[in-house]
Structures are given as C-alpha cells and as structure tokens.
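Here is how the chains run, residue by residue.
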Amino acid sequence: MDKLRGVLDFCIRHQTVLGYSIVSLLTAVSEHIFSSVVFKCPCNSGNVLYGSVFLIAPAVILFLLGYMVNTRTWRLLTGSCPAEKCGSCSCSPCRTLARYHCVLVLVTARALVAPLTWIAAALLTARFYECAASGHSLIKNFMCKDKGQECHKQLVKIPCDEKLSQNITGEFLSLQAQSQLMGWLLIASIVIIALISKCVIHCYSPVSYLQLKFWKIYSKKERELFEIKAKEHAARLAEINTNCFFEATDPAPFQTPSNEDWWKISFLYTLSSQEQYYSMIHKYVNTNRGQSVRFGEGDQIPPVLGFVDETSASESGF
C-alpha cells in the first residue's frame, strides 16, 4: 500500500511531464501503425504529394487539436468580442492576439508536442520521407547527376525496391539515412530549445523558487475547491428554481455572483513580485470584491512566459 501511495504521489507531482510523455508515446505508436499498415507509396509521379501528405497533414491536425484541448485558448477567446463591444476597436482579433501574445506562445509550445513527435518519429522510420523525396526534382537532379533519365525513372521506385537504393545512391547518403539524420537533428534541436526556454523562464521568474512552488500548490488547491463549490452552488440554485417551478412559489433570496464578478475573476492572472496575490480570486476578495483601483493593475499584460495563470495538466488537455 505504501509503495502504491508513493507511485500515486510521484504521478501527481509529475503529471505534466507524464502527460506530455503519454501524448508523445501515443503519437509515436500511431505513426508506426500508419507507416506499417496504412501507408503504401505509389512509386510513381505522385510520390511527392502522397509522402508529403502523410508526413505533414497529421502534424497539422495534431497541432490544431492541441489548441482545441487547451483550456487557456478558450479562456483567452471567451468574451473577447462581446456584442456590445463589436463596434469598438478593443475587440479586434489582432488586438486580442497582441495583448496575450505571451500566453499564446506558451499555448503554441504545448500544442507543438504531438505534431513534432509525429514528424520526428516519421523521419526516423523514414518511409514517408523516402517516398516524398524519391519523386522530388531536387533530389532527382542531385542523386542522378550525369546518370541519364533511366536513373530518374528508377529513383521513384526506390520505396518499393530496397535493392535499387544501393545501386542509385552510390557515394551519397541513402534516402532513409537522410531522413533519420534529419529526425535526430530535429529531436536534438527540440531538446536544446526546450532547455534554453526553461532556463530563461526561471531566470526571469518574478518570485523565488519556493514561492513559485507554493503558488503552484495554491493554484491547484484553489481549482479543486472552486470546482467543488461551483457544483454545490449550482446544485442548490437548480434545486431552488426547480422546486419553485413545480410548487408555483416565489424563490427565496439566494446570493450568487453577478456577471461583473464572473468577468473579474476570469482574467488571466500574472504572478508579480509587487503584490502578494496568487490568483484572480485571491486578488478579487482582497480588493473589496474588485472595487479597489489596485484590482485592475498589472493583470492583463503578462510579462513573462510560464508565470501566467499556471494550469494543471488536466486543464491543458492531458
């Protein structure tokens, strides 16, 4: 039992990393299934189109799905252009994107996990690239230089005949070797960029390491309690309204947040060293229910990536 509890604690502490790992693993498995079962290179003039579609189209779909399942995307967009503001310049999509560009960069980085995994796995297995490259004019001219048109005709058949690759490539890297080389270069680049980004984010942290850790704990607990209280509150309100409907009576007074209150706590909060708040709800209840001038200061222009309304792995789509 103690070992099981230890495993659960480990999973909870590292749920974001585990989430990304699971997504990457599932993507790699899906790519292997596609390349082994579904993919059949035509070995003719359609090689470029066929191979490119299998290499790029799933990555684009996964990228868009990454945006769709990320809660921050909809938190940024929801209510950004309400009907009463449609005539003003404040609801311009470009203005909204400029306003929250830091958060969008973070959302984009998370959405790129699955598509980059697909491309890297596809390059390592080499089937998609081999098919697409064998029909590309640049590859043909490079590998068939001074070898005549017969080489061009045979090159497109390489994905269907491994022996042809040895005869044509000669001193050049084979198409499979080129693909795998690009795959490892892509993986190395991703790791380097991720490490540098992580270092920069922590170097520019507005708070200390331990306070940042406390903030993440607080944010998680606040979300859990908010979900519980919201369900209880909604259940009581639904019960009152349902009883009044069937019993034909007037409802008793029931306190519920106003539309303005919901708007105030829905902004993305920026962790700052200038004020001791850990969320918009925390700031709301400590600034006279959002009536204080301090409430609107420094909430809506996030200055640093990674310190804006930190979300759990479950809220990010994992």
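Quick note: structure is the one above.
Report follows, based on the coordinates. (Residues numbered from 1 in each chain as written. Predicted model: local features only at pLDDT ≥ 70, side-chain atom pairs only at ≥ 80, totals over all residues. Heavy atoms only, no water.)

In terms of nonpolar packing, the biggest core is built from eleven residues, these being Leu-123, Tyr-129, Ala-133, Ile-139, Met-143, Cys-144, Cys-151, Leu-155, Ile-158, Leu-164 and Leu-175. Elements with a contribution of two residues or more to this core: α8 (127-134), α9 (137-143) and α10 (149-155). With residues near it in sequence (within four places) discarded, Leu-123 still touches Tyr-129, Ser-179, Gln-180, Met-182, Gly-183 and Leu-186. Formed by ten residues, the second largest nonpolar core is a distinct cluster that contains Phe-54, Leu-55, Ala-59 and Cys-131. (Core = buried A, V, L, I, M, F, W, Y, C linked by side-chain atoms within 4.5 Å. Buried < 20%, exposed > 50% of the residue type's maximum accessible area, 1.4 Å probe, protein only. Helix = DSSP H or I, 4+ residues; strand = E, 2+ residues; numbered from the N terminus. Contact = heavy atoms within 4.5 Å.)

Attention now moves to the packing of aromatic side chains. Inspection of every chain in the model, using the stated rule, returns twelve aromatic pairs. Each ring, one from Phe-39 and one from Tyr-50, has its centre 5.1 Å from the other, and the planes form 35°; the classification is tilted. Note that Phe-39 is positioned in the loop between α2 (15-38) and α3 (47-68) and Tyr-50 in helix α3, a separation of eleven residues in sequence. Both rings, one in Phe-226 and one in Trp-262, keep their centres 6.3 Å apart while their planes meet at 85°; by these two values the pair is edge-to-face. Here the residue Phe-226 occupies a position in helix α13 (residues 209-247), and Trp-262 occupies one in helix α14 (residues 259-265), the gap between them amounting to 36 residues. Residue class for Phe-226 comes out partly exposed when judged on its relative accessible area of 34%. (Phe/Tyr/Trp six-rings, centres within 6.5 Å; stacked < 30°, edge-to-face > 60°.)

As a further point, take the pattern of salt bridges. In total, this model carries two salt bridges according to the counting rule given. One salt bridge connects Lys-264 with Glu-260, and the closest N-O pair in it is separated by 3.3 Å. Note that Lys-264 and Glu-260 are positioned in helix α14 at a spacing of four residues, about one turn of the helix. Taking the relative accessible area as the measure of exposure, Lys-264 reaches 10% and is therefore buried. By relative accessible area, Glu-260 is classed as partly exposed at 48%. (Salt bridge = Lys/Arg side-chain N within 4 Å of Asp/Glu carboxyl O.)

Within an α-helix, residues lying three or four positions from one another point in the same direction, as the helix has 3.6 residues per turn. Its 13 residues place the ends of helix α7 (residues 113-125) 18 Å apart at the C-alpha level, agreeing with the 18 Å of an ideal helix rising 1.5 Å per residue. Turning to α7, its buried residues are Ala-114, Pro-115, Thr-117, Trp-118, Ala-120, Ala-121, Ala-122 and Leu-123. Backbone geometry just downstream of α7 places Ala-126 in the positive-phi region, at approximately 75°. (Expected span 1.5 Å × (residues − 1).)

What follows concerns the packing of α3 against α8. Across the interface, α3 lies against α8 with an axial gap of 6 Å and an inter-helix angle of 150°. Classified by the interaxial angle, the pair formed by α3 and α8 is roughly antiparallel. In this structure, the crossing between α3 and α8 has a hand that is left-handed. Taken together, the residues of α8 that come into contact with α3 (itself represented by Asn-47, Val-48, Tyr-50, Gly-51, Ser-52, Phe-54 and Leu-55) are Phe-128, Cys-131, Ala-132 and Ser-134. Its residues placed into classes, the contact of α3 with α8 shows seven nonpolar, four polar and no charged. (Axes fitted to C-alpha atoms, helices over the stretch in contact; angles between N-to-C directions. Parallel < 35°, antiparallel > 145°, perpendicular 65-115°, else oblique. Left-handed = near helix turned anticlockwise from the far one by under 90°. Nonpolar A, V, L, I, M, F, W, Y, C, P; charged D, E, K, R; others polar.)

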